[in-house]
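Observations on the three-dimensional arrangement
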Amino acid sequence: MKATLILRGLVAGAVVFGAVASVQPAAVSADTGTLLRLPADGAAVGVGTLELVDHDRDDPWTPGRARSIPVTVTYPAGFAAGGTRSLPVVLFSPGFYVPRTLYTLAAEDLAGRGYVVIGMDHTGEALATVFPDGRVVPSQITDPYSADTQKKALDTRVADASFVVDIVESLSRGDDPDGIGPLLPDGIPEAVDPDRIGMLGHSIGGATTTQVLLDDPRVDAGVNLDGALLYANTASPIVSEDPGTPLLSVLNSRHAESPEGRDRFWGQYFATPRSWSKVYALRDTGHFSFTDAEHYVPQAIPDPPGMDVPAGFSLGTAPRQEVVDTTNDLVAGMFDRFLKGAPAPELDDAASRYPLVFEVR
């Protein structure tokens, strides 16, 4: 319980940070400012926020309303407006209770490397969801760790992700009934490539990514950042099924070394033949090492009391910036290889290239 309260406090801080960052006019220009630091060796990125409404789906957390989610679109500011289908797309799904804004650094880094990143908030599940017009929707969850809630959250997230893919496809073919296109910088709808889509997620967002790979063949590659392969309280279907889609998992060291995790799902995952899969871990890291906290919490500040729990709600002791840089390189390498066709040799022998990395088998 103490760890949960601390987690909520950290998330609440992220929500405030996200509100400051996200409340802006809906019609955005190619703003080249960044929130944390210039990504990818100083590449400039643009950021815009949108509200996407799925008129064909009832909101599972607020029945009687159409499902609506806010997204942050982060893109390379220097993209060529006339470059038809030049930009691959990466969807992002955050951790449970956590807003998308706590992963700004990862989104900006990928955008600086030539991707359009669409970060989703899953309305009603996050501790608080901030929309572009400034309104805030609080969490609608009363029993967060029950099996029913966890399954409902994952099912909703998978549907949200497929809906965003629908929007990408619609915009790319000029079908825009809700008038989203004019709210994006000129040329973005024409520049995105609906045939090159990846997905990235942290924690339950990582589990969501694995399920999307199984359910939606339009997604071409996935990265699971420290997500347990669970579907509610049972093992995820991906444990015993190969989606035929490349999947990279990057774990914190405690998660990777957990006998319970191997018994419940990783053992079967490794025993199942895979088309392409790698599982790496970073030494001396924690569950929050894959959030922006790894960047803005100074190395000298120890993990908060009560956070050193089996689930790993900590940052660990590994050098903060090295964790950020290593994670960003592995994520980018995955999408460079499978969305851009680049060699990305770091994917094959990451343990010899990055001091923090070891392979989990």
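Every value quoted in this text rests on a predicted model; they were computed, and no experiment measured them. (Residues numbered from 1 in each chain as written. Predicted model: local features only at pLDDT ≥ 70, side-chain atom pairs only at ≥ 80, totals over all residues. Heavy atoms only, no water.)

**Focus on the packing of helix H2 (residues 104–112) against helix H9 (residues 320–340)**
At a minimum axis separation of 10 Å, H2 and H9 run at an interaxial angle of 45 degrees. Classed by the angle they form, the pair H2 and H9 counts as oblique. Remark: the crossing between H2 and H9 carries right-handed chirality. Mapping the contact onto sequence places Leu105, Ala106, Asp109 and Leu110 in H2 and Val324, Asn328, Val331, Ala332 and Phe335 in H9. In terms of residue class, the contact of H2 with H9 is built from 7 nonpolar, 1 polar and 1 charged. (Axes fitted to C-alpha atoms, helices over the stretch in contact; angles between N-to-C directions. Helix = DSSP H or I, 4+ residues; strand = E, 2+ residues; numbered from the N terminus. Parallel < 35°, antiparallel > 145°, perpendicular 65-115°, else oblique. Left-handed = near helix turned anticlockwise from the far one by under 90°. Contact = heavy atoms within 4.5 Å. Nonpolar A, V, L, I, M, F, W, Y, C, P; charged D, E, K, R; others polar.)

**Observations concerning the nonpolar core**
By size, the foremost hydrophobic cluster in this structure holds 54 residues, and its most contacted members are Leu52, Val71, Val89, Leu91, Val116, Met120 and Ile188. With residues up to four places along the chain from it excluded, the contact list for Leu91 reads Ile118, Met120, Ala161, Val164, Val165, Ile197, Gly198, Met199 and Leu200. In terms of nonpolar packing, the next biggest core, distinct from the first, is built from 33 residues, Leu102, Val223, Tyr280 and Ala318 among them. (Core = buried A, V, L, I, M, F, W, Y, C linked by side-chain atoms within 4.5 Å. Buried < 20%, exposed > 50% of the residue type's maximum accessible area, 1.4 Å probe, protein only.)

**Regarding the sheet that holds strand E12 (residues 277–282)**
Within a sheet, each strand pairs with its neighbour through backbone hydrogen bonds, oriented either parallel or antiparallel. With respect to topology, 9 strands assemble into an open sheet ordered E1-E2-E4-E3-E7-E8-E11-E12-E13, the strand pairing being mixed. Lying at the two open borders of the sheet, with one neighbouring strand each, are strand E1 (45–58) and strand E13 (357–359). Neighbour-to-neighbour, the strand axes of the sheet open up by a mean angle of 25 degrees, direction not taken into account. Where strand E3 (residues 87–93) lies against strand E7 (residues 192–202), 6 bridges are found, and the strand directions are parallel. Along E7, the bridge assignment pairs Val90 with Gly198. Of the strands in this sheet, E1, strand E2 (66–76), E3, strand E4 (116–120) and E7 touch helix H3 (residues 147–172), which is tilted by about 110 degrees from E1. In the packing of helix H7 (residues 259–271) onto the sheet, the strands contacted are strand E8 (221–225), strand E11 (247–252) and E12, and the crossing angle to E12 comes to about 140 degrees. (Pairing = 2+ DSSP bridges.)

**Quick look at unusual backbone geometry**
In the Ramachandran plot, Ala232 falls in the positive-phi region, its phi being about 60 degrees despite a non-glycine side chain. Within the element layout of this structure, Ala232 appears in the loop between strand E9 (230–231) and strand E10 (234–235). Given the relative accessible area of 17%, Ala232 is considered buried.

**Remarks on the side chain of Ser139**
Structurally, Ser139 can be placed in the loop between strand E6 (136–138) and H3. In this structure the side chain of Ser139 is engaged in a polar contact, spanning 3.2 Å, whose partner is the backbone nitrogen of Ile141. Excluding anything up to four places from it in sequence, Ser139 contacts Tyr97, Gly124, Glu125, Ala126 and Leu127. (Polar contact = N/O pair within 3.5 Å; in protein donor to acceptor, adjacent residues only side chain to side chain.)

**Here's the deal with the packing of aromatic side chains**
Under the defined criterion, the tally for this structure stands at 9 aromatic pairs. Between Trp266 and Phe270, the aromatic rings sit 5.7 Å apart at their centres with planes inclined by 25 degrees, giving stacked as the arrangement. With Trp266 and Phe270 both in helix H7 and 4 residues apart, this pair spans about one turn of that helix. Residue Phe270 is classed as partly exposed on the basis of its relative accessible area of 29%. Between Tyr269 and Phe270 the ring centres are 5.8 Å apart and the planes differ by 80 degrees, which places this aromatic pair in the edge-to-face class. By relative accessible area, which is 2% here, Tyr269 ends up buried. Chaining the aromatic ring pairs together yields one cluster made of Phe265, Trp266, Tyr269 and Phe270. (Phe/Tyr/Trp six-rings, centres within 6.5 Å; stacked < 30°, edge-to-face > 60°.)

**Some words on the environment of Gly95**
One can find Gly95 in the loop between E3 and H2. Judged by its relative accessible area of 2%, Gly95 is buried. Along the primary structure Gly95 and Phe288 are separated by 193 residues, whereas in three dimensions their C-alpha atoms are 9.5 Å apart. Those residues within four positions of Gly95 in sequence are excluded, and the remaining contacts are Tyr103, Glu125, Arg157, His202, Ser203 and Ile204.

**Side note on the pattern of salt bridges**
The tally for this structure, following the rule as stated, stands at 21 salt bridges. Ionic pairing is found between Arg100 and Asp121, a salt bridge with its closest N-O pair at 2.8 Å. Residue Arg100 is located in the loop between E3 and H2, and its partner Asp121 is located in the loop between E4 and strand E5 (128–130); the two are separated by 21 residues in the primary sequence. Each of the two residues, Arg100 as well as Asp121, counts as buried. Residues Asp216 and Arg218 are paired through a salt bridge, measuring 2.8 Å at the closest nitrogen-oxygen approach. Judged by relative accessible area, which is 23%, Arg218 ranks as partly exposed. One network of salt bridges, in which partners are shared, links Asp54, Arg57, Asp59, Arg67 and Asp160. (Salt bridge = Lys/Arg side-chain N within 4 Å of Asp/Glu carboxyl O.)

**Quick word on H7**
Over its 13 residues, H7 extends only 16 Å from the first C-alpha to the last, a length that falls short of the 18 Å expected when each residue adds 1.5 Å. In H7, a bend of some 50 degrees at Phe265 exceeds every other bend along the element. Taken as a whole, H7 has its buried residues at Gly261, Phe265, Trp266 and Tyr269. Those residues of H7 hidden inside the fold are in contact with E8, E9, E10, E11, helix H6 (253–256) and E12. (Expected span 1.5 Å × (residues − 1). Bend = angle between axes of the 7 residues up to and from the residue.)

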